[in-house]
Amino acid sequence: MPVLVLVIAFLVFSWAPYVTLDPGRSRVQPPPGVPFYYPLLVAHIVFGSMAIVTGCLQVWPWLRRRYPEMHRRLGRVYTFAGVLPAGVLGLPLGAVTPFGPVLRASNVLLALVWLGVTIAGFRAARRGRIVEHRRWMIRSVVLTLSIITNRVWAVVWFIALSPQLATTFGGNEVLMVQAIAGLSGWLGWVIPLLLAEWWLETRQRTTAAAPVVA
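Calculation criteria
- Residues numbered from 1 in each chain as written.
- Predicted model: local features only at pLDDT ≥ 70, side-chain atom pairs only at ≥ 80, totals over all residues.
- Heavy atoms only, no water.
- Phe/Tyr/Trp six-rings, centres within 6.5 Å; stacked < 30°, edge-to-face > 60°.
- Lys NZ or Arg CZ within 6 Å of the ring centre and 35° of its normal.
- Patch = residues over 30% accessible without salt bridge, like charges linked within 9 Å, V, L, I, M, F, W, Y side chains within 5 Å.
- Areas by Shrake-Rupley, 256 points an atom, 1.4 Å probe, with all protein chains shown as cover.
- Salt bridge = Lys/Arg side-chain N within 4 Å of Asp/Glu carboxyl O.
- Helix = DSSP H or I, 4+ residues; strand = E, 2+ residues; numbered from the N terminus.
- Contact = heavy atoms within 4.5 Å.
- Axes fitted to C-alpha atoms, helices over the stretch in contact; angles between N-to-C directions.
- Parallel < 35°, antiparallel > 145°, perpendicular 65-115°, else oblique.
- Nonpolar A, V, L, I, M, F, W, Y, C, P; charged D, E, K, R; others polar.
- Buried < 20%, exposed > 50% of the residue type's maximum accessible area, 1.4 Å probe, protein only.
- Expected span 1.5 Å × (residues − 1).
- Arc of directions from axis to C-beta.

Focus: the packing of aromatic side chains
Counting across every chain of the model gives six aromatic pairs. Put simply, the rings of Trp-60, Trp-62 and Tyr-67 touch in pairs and so form one group of aromatic residues. For the cation-ring pair, Arg-27 lies above Phe-13, with the distance from its terminal atom to the ring centre recorded as 4.0 Å.

Remarks on a nonpolar patch on the surface
A surface patch of nonpolar side chains, amounting to about 290 Å² of accessible area, comprises Trp-62, Tyr-67 and Met-70. Note that Tyr-67 resides in the loop between α3 (61–66) and α4 (68–95).

Some points on the environment of Val-7
As for its placement among the helices and strands, Val-7 is situated in helix α1 (residues 2–15). As a C-alpha pair, Val-7 and Ile-148 span 141 residues in sequence and 8.1 Å in three-dimensional space. Aside from chain neighbours lying at most four places away, what touches Val-7 is Ile-52, Val-53, Cys-56, Leu-145 and Ile-148.

Notes on the side chain of His-71
Looking at the secondary structure, you find His-71 in helix α4. Leave out the neighbours within four places in its chain, and His-71 touches Gln-58, Arg-64 and His-133.

Quick notes on the packing of α1 against helix α2 (residues 37–58)
Across the interface, α1 lies against α2 with an axial gap of 10 Å and an inter-helix angle of 170 degrees. Taken as axis vectors, α1 and α2 run roughly antiparallel relative to one another. Taken together, the residues of α2 that come into contact with α1 (itself represented by Val-3, Leu-4, Val-7, Phe-10, Leu-11 and Trp-15) are Ile-45, Val-46, Ser-49, Ile-52, Val-53, Cys-56 and Leu-57. Taken together, the residues that form the contact of α1 with α2 break down as twelve nonpolar, one polar and no charged.

Structural notes on the environment of Val-3
Within the secondary structure, Val-3 sits in helix α1. Judged by its relative accessible area of 43%, Val-3 is partly exposed. A sequence separation of 50 residues divides Val-3 from Val-53, and the C-alpha atoms of the two residues are 10.0 Å apart. Other than its neighbours up to four places away in sequence, Val-3 contacts Cys-56 and Leu-145.

Let's talk about α1
Between its first and last C-alpha atoms α1 spans 20 Å; for 14 residues at 1.5 Å apiece the expected length is 20 Å, and the two agree. For α1, the full list of buried residues reads Leu-4, Val-7, Phe-10, Leu-11 and Ser-14. Buried residues of α1, viewed axially, fall in a sector of 120 degrees; they line one side. Those residues of α1 that are exposed and aimed more than 90 degrees away from the buried face are Pro-2, Val-5, Val-12 and Phe-13. Close packing links the buried residues of α1 with α2 and α6 (130–161).

Thoughts on unusual backbone geometry
One non-glycine residue, Leu-21, lies in positive phi territory at about 60 degrees. Examined against the element boundaries, Leu-21 turns out to sit in the loop between α1 and α2. What makes Leu-21 exposed here is its relative accessible area of 54%.

Below, the structure is given as structure tokens:
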């Protein structure tokens, strides 16, 4: 529930500049010569919002145990109305982001991994491999929520690098913003994914060892 509250607050903040559909209010200015950027960005935000809300509900144990049919229905919404369209749109958006080549590489790879683990999780569920399904979907939801950790890292790096604007970046604000965006982009999803993998492996070893200990 605390995560869901955090997600709702994040979405309210994120949606504020886009509800009017005015490109001039966008937090990300379209790159020159890319007219499709803004409409794709808005669509990506819509589908991404669907993914982040339903993803929180999917990992809520009470809902999953009490209402398994709702869990399955929300899983389809999460996959087909959230991650898949948002991930596909994330590929061209990530490839032309105005925040530099480091973030472009991160965004494209994130979209590919996000799509891959989600499809793997959905296929495992269809085959009745529930344990495998849960492991893949935990990875998927972690990547879905990485948009929030990305913003946290952006604040950290802005505080750390702003005093170096005149020295390290030679007064070039564009270069500093690209550095902050690149570092935040990579750390925002790689670290949570590594932590999720560590948790999954630790939990698996603990579960496997329980009968032996007993």
